[in-house]
Amino acid sequence: MFVYKEFLRLKNNLPAVAHITLNVKCMHKCKTCGYWRIYEKVKDRGMKKEEIFKICDDLISFGIKRFLFVDTDPLLRKDLPEIIKYLKNKDAHVQIVTTGMNLNKIFAENLISSGVDVIKFSIDGHNGLNDFIRGIKGAYKKSVQGIKTLKELRRNKNKPKIYVMTVVSKLNINEIEKIKEKIYYDTGGVDNHYFGPVLEIKKDVFEKTKWKGKNVASLNLIPYEKSYSLNYHDIKKLLKINKDKGTYFLFGRIIKLLDAILYIKRRKCPSFHQVHIDVDGNLIPCSFLPGIKLGNLKENSIKELWRKREHSKFINYLRKKAFPVCFEICWKRSIFNVASQTASLRELIFKRFGKF
């Protein structure tokens, strides 16, 4: 029933998912990410809890039932369990992505009580390798302890689901099998472990990505030292470990193949069916195009903004000419078949039945 309802939303050009950034700080200094460089000297900020409630109410009234708190570390907000509980009381599905470094027993208990559906832990290595990539000593140990604490407190219940997400780059590509085995051994196992490629935005791509004459791409994913992107042989290693997921992964590959055969020439963009809200409440296309503000959810409802005025201008532009950053990030991932299977199916359905 849920999949069917989402299908109907896509068919009618309505969003199905909301990505909300709750704050601008992160505890790590990752070599494969630059968020912390941008906000290192900026005082942490985010919308007031009441503003978030109001925006969430608006999104739910628009039919959105899935929420994802991502980008920096939402666990740095002490009121996170309250925000999640507010959404769960309205029958929403909630996921968060975190380093898990500051997940003590009390916070973990509050998260479980909030009803959060999925907690995804970002871990990019084992022991010292993870600490090196993350730029913080003791990062691996604290993340693993966070997982163990959650597992202990949820006891025999299977909620929240506990996933691990590993960003694969040249720094850890030769260790991915060991990373998987070590995390399984140290935590006693998680519900799923995902491996995805590092995403980089090169300087020339940033400079060419303009909207109304201004640079609008994100610099947050440029490794300043050197490129850590995977080459063809590295991608084959990544596909191999993901192939261990069996039938589910094979299903995803078939979807991507159909996608390539049927819709290779058609524009596709997550902003067509996902709402991305930045830390100030602005509707933006995605976290890679933060400079494009399509309206503010604190001032206008999503119904007043979705496919209206600025959002409509953006979509019409994308129909004719994609941004350079799109090829650098989203479409490169699609070519290599490493995006999530759920997202792949959603995109395929959208392009088949949606109206651009």
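Here, residues in each chain are numbered from 1, in the same order as that chain's written sequence. Local features in a predicted model are, by the rule used here, given only for residues with pLDDT of at least 70; side-chain atom pairs are given and counted only at 80 or more, and totals for whole chains, interfaces and linings are based on all residues. The side-chain quantities take in all heavy atoms of the structure and omit both hydrogens and water.

Student: Help me understand the sheet that holds strand β9 (residues 274-277), please; the structure alone is not making it clear to me.
Tutor: Two orientations exist for strands paired in a sheet by backbone hydrogen bonds: parallel and antiparallel. At least two bridges found by DSSP between two strands is the condition for calling them paired. Under the scheme used here, helices are H or I runs from DSSP no shorter than 4 residues and strands are E runs no shorter than 2 residues, and both carry numbers assigned from the N terminus. On the basis of which strands lie adjacent, the open sheet formed by eight strands has the order β6-β5-β4-β3-β2-β1-β9-β10 and mixed pairing. Because the sheet does not close on itself, it has two edges, and the strands there are β6 (192-197) and β10 (283-284). By the bridge criterion, two bridges tie β9 to β10 in an arrangement that is antiparallel. Residue I277 lies in a different strand from β10, and its bridge partner there is L283. Should any heavy atoms of two residues lie within 4.5 Å, those residues are considered in contact. With axes taken as lines fitted to C-alpha atoms, and helix axes fitted only over the stretch in contact, angles between N-to-C directions fall between 0 and 180 degrees. Of the strands in this sheet, β4 (118-122) and β5 (161-168) touch helix α7 (residues 139-154), which is tilted by about 165° from β5. Seen against the sheet, helix α8 (residues 176-187) touches β5 and β6 and runs at an angle of roughly 155° to β6.

Student: Is there a simple way to explain the side chain of T149 in this structure?
Tutor: Positionally, T149 belongs in helix α7. Only protein chains enter the accessibility calculation, which uses a 1.4 Å probe; a residue is then buried when its area is under 20% of its type maximum, exposed when over 50%, and partly exposed in between. Given a relative accessible area of 11%, T149 falls into the buried group. Apart from residues lying up to four places away in sequence, T149 is in contact with N104, K105 and A108.

Student: I tried to follow the packing of helix α3 (residues 49-61) against helix α4 (residues 80-88) on my own but got confused; where do I start?
Tutor: Helix packing geometry: the angle between the two helix axes and the distance between the axes. Look at α3 against α4: their axes get within 11 Å of each other, and the N-to-C directions meet at 25°. With respect to their mutual orientation, α3 and α4 come out roughly parallel. In this structure, α3 meets α4 at a crossing whose hand is right-handed. Contacts from K49, I52, F53, C56, D57 and I60 in α3 reach E82, I83, Y86 and L87 in α4. In this count, Pro and Cys sit with the nonpolar residues alongside Ala, Val, Leu, Ile, Met, Phe, Trp and Tyr, while Asp, Glu, Lys and Arg are called charged and the others, Gly among them, polar. Looking at the contact of α3 with α4 residue by residue, the class counts come to seven nonpolar, no polar and three charged. Any angle that falls under 35 degrees is termed roughly parallel, while one over 145 is termed roughly antiparallel, one within 65 to 115 roughly perpendicular, and all others oblique. Left-handed describes a crossing whose near helix is turned anticlockwise from the far helix through less than a right angle; right-handed describes the clockwise counterpart.

Student: So what exactly am I meant to see when it comes to the environment of F323 here?
Tutor: Along the chain, the position of F323 falls in the loop between α13 (309-320) and α14 (324-328). Relative accessible area serves as the criterion here: at 0%, F323 is assigned to the buried category. Those residues within four positions of F323 in sequence are excluded, and the remaining contacts are T209, K210, W211, L289, I292, F314, Y317 and L318.

Student: How do you make sense of helix α5 (residues 105-114) when you look at a structure like this?
Tutor: The α-helix winds at 3.6 residues per turn, so residues separated by three or four positions along the chain end up facing the same way. All of the buried residues along α5 are F107, A108, L111 and S114. All buried residues of α5 lie within an arc of 120° about the axis, which places them on one face of the element. Exposed and facing more than 90 degrees away from the buried side of α5 are I106 and S113. Residues of α5 that are buried make contact with α4, β3 (93-98), β4 and α7. We call two N or O atoms a polar contact when they sit within 3.5 Å, provided that within protein one can donate a hydrogen and the other can accept it, with sequence-adjacent residues counted only if both atoms are side-chain atoms. Backbone nitrogen of I106 and a side-chain oxygen of the N-cap are separated by 3.3 Å at the start of α5; the cap is N104. A positive phi of about 90° marks G115, the residue just after α5. Arc definition: it is the arc formed by the directions from the helix axis to the C-beta atoms.

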